[in-house]
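# Analysis of the macromolecular model
Letter by letter, the chains look like this.
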Amino acid sequence: MRHARFGRTVLLASCLVALTACGGGDTTQTGDGSAATADAAATAAAAAAAASSPTGSPTGTPTGTPTGTSSAPASSPAPAPAPAGSLAPVAPKTVVLNTSLQSPWGMTFLPDGRMLVTQRGGSLVILSADGRSVAATVSGVPAVSTAGQGGLLDVVLDPDFAATPWVYFSFAEPGTGSEAGMVGTAVGRGRLVGTSLQDVAVIFRQVPKVADSGVHFGSRMAFRSDKTLFVTLGERGQGSPAQDVATSLGKVVRINRDGSIPAGNASPPGGRPSLWSWGHRNPQGAAVHPETGALWVNEHGPQGGDELNIVTVGGNYGWPNVSYGCQYGDPVGNGCAIGGGQHAPAYIEPISTWTPTSVAPAGLIFYTATKFPQWRGNIFFGALAGTALWRVQLDTAGRREVARERLFASLGERIREVQQGPDGYLYLLTDSGKLIQVRD
Ligand SMILES: [Ca+2]
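Scope of this entry: the structure provided in the associated data block. Everything numeric in this text was worked out from a predicted model, so none of it was measured.

## Here we look at the overall build of the protein
- In terms of helices and strands, the protein carries zero helices and 26 strands.
- Within the span of the protein, comprising 440 residues, buried residues form 57% of the whole.
- When contacts within the protein are restricted to residue pairs at least 6 apart in sequence, those whose partners lie at least 24 apart make up 66%.

## With respect to the sheet that holds strand β18 (residues 315–316)
- Read from one edge of the open sheet, five strands run β11-β12-β13-β14-β18, paired in mixed fashion. The sheet terminates laterally at β11 (218–223) and β18, the two strands that pair on one side only.
- Alignment of strand β12 (residues 229–233) against strand β13 (residues 251–255), held across five bridges, turns out to be antiparallel. Within β13, the residue paired with Thr232 across the bridge is Val252.

## A short note on unusual backbone geometry
- Here the amide bond leading from Val207 into Pro208 is cis, since omega sits at -5 degrees, within 30 degrees of zero.
- Among the secondary structure elements, Pro208 is positioned in the loop between β9 (196–205) and β10 (210–211).
- The linkage connecting Trp319 with the following residue, Pro320, adopts the cis geometry, with an omega of 0 degrees.
- On the secondary structure map, Pro320 appears in the loop between β18 and β19 (352–354).
- Unlike most non-glycine residues, His216 shows phi in positive territory, near 55 degrees.
- Mapped onto the elements of the fold, His216 is located in the loop between β10 and β11.

## Re the sheet that holds strand β1 (residues 93–98)
- Spatially, the four strands line up as an open sheet ordered β1-β26-β25-β24, and their pairing is antiparallel. Only two strands of the sheet have a single neighbouring strand rather than two, namely β1 and β24 (415–420). The sheet shows a mean angle of 25 degrees between the axes of neighbouring strands, taken without regard to direction.
- Sheet topology note: the β1/strand β26 (residues 435–439) ladder contains five bridges and is antiparallel. Note on β26: the bridge partner recorded for Lys93 is Arg439.

## Some remarks on the pairing of strand β8 (residues 182–193)
- Buried residues dominate β8, accounting for ten of its twelve residues.
- Relative to β8, strand β7 (residues 166–174) is paired through nine bridges, and the arrangement is antiparallel. The residue of β8 that forms the bridge with Ala172 is Thr185.
- Direction of pairing for β8 relative to β10: antiparallel, over a ladder of two bridges.

Reading guide: rules and limits
- Residues numbered from 1 in each chain as written.
- Predicted model: local features only at pLDDT ≥ 70, side-chain atom pairs only at ≥ 80, totals over all residues.
- Helix = DSSP H or I, 4+ residues; strand = E, 2+ residues; numbered from the N terminus.
- Buried ≥ 20, exposed ≤ 12 C-beta atoms within 10 Å, placed from the backbone.
- Contact = placed C-beta atoms within 7 Å.
- Pairing = 2+ DSSP bridges.
- Axes fitted to C-alpha atoms, helices over the stretch in contact; angles between N-to-C directions.

Quick look at the structure:
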């Protein structure tokens, strides 16, 4: 999937941003987060406890401590000097390919170059390879709850899609029976045959489903090199259950493609066997680093405190006990950081934070193509409230932030998803219904 190698990255000093105010966190979002219910296959296979952690692990120190003194990206103070290089600056252009989408949320490319796009209202569509038209609506998607930030959310292809054309989708699942009125994040899959999903089954359900909350579904998916699937799960606005390993609220889970539980998960005492990590708030971006194999996740803070994390097995990321952000209603600034802000040693420090103003991160990829050589190995993610595309340059070990750049703010778009196309360009989805190509 995203395993192409990349070389040394170069960032010109001019790329460092003087950021202007980015808006207010996830409070204005129309489409994130969700609830929880049954951990479908979780009871089977009480997974072995062997901790097969990814190669990357947090160093325990964020790249910077938020200062709260300005709206600049204060959490990356004094970035390490950019490596010297002679590559020309990147001068990307944006081309709007499509304006007809309805709250698009997730996207992936089919082997023939067409795009599968989820729309939050519950439809999965296939776009033509040029992105300019909706070629078909895929049948077979189960009913979704569209309350609040819920709906049909992320979509990824099976690592062996050419042989076994499974499509995996995450969604806000409405409860039935004793769970009527409740909603939880779930993952389903179906084989894509023509324009229909066949043999559709729900392979994972968050536990428990939650009533009266339309927020914090999490719900991004990323395949690991061993073909197990990571799924990020928000805490559904419930707070403390993010620390309760008996639930899958505020967690990252790792499952097999059929929903069974692989060996190597965290297996905390009394915990759910699907758990990989916990203490998350609303993780809305996830990608596996193409060289280190580590899982990287971004998540929404409350007022400030958005995080970029390397997520290791058994890791506790602190929510709701600590955050570099503040409780809603508190004056913004260092003084109100939840739990004092600092995570270590009790919890894992984020690699990077966004303070004092949340940008509301959405989607996450590592750029591995050659169209923009200066961007190879960089992280890209969208911002909702922060209406931009963020680029984060890592050190040569792929472990720490050395610089960040806010791109395309002039578009004024809430960017929900970013993917790298087979042509090496970036493709963005916006809440306003646009597909945008980033090209040279
Ligand atoms: Ca945290």
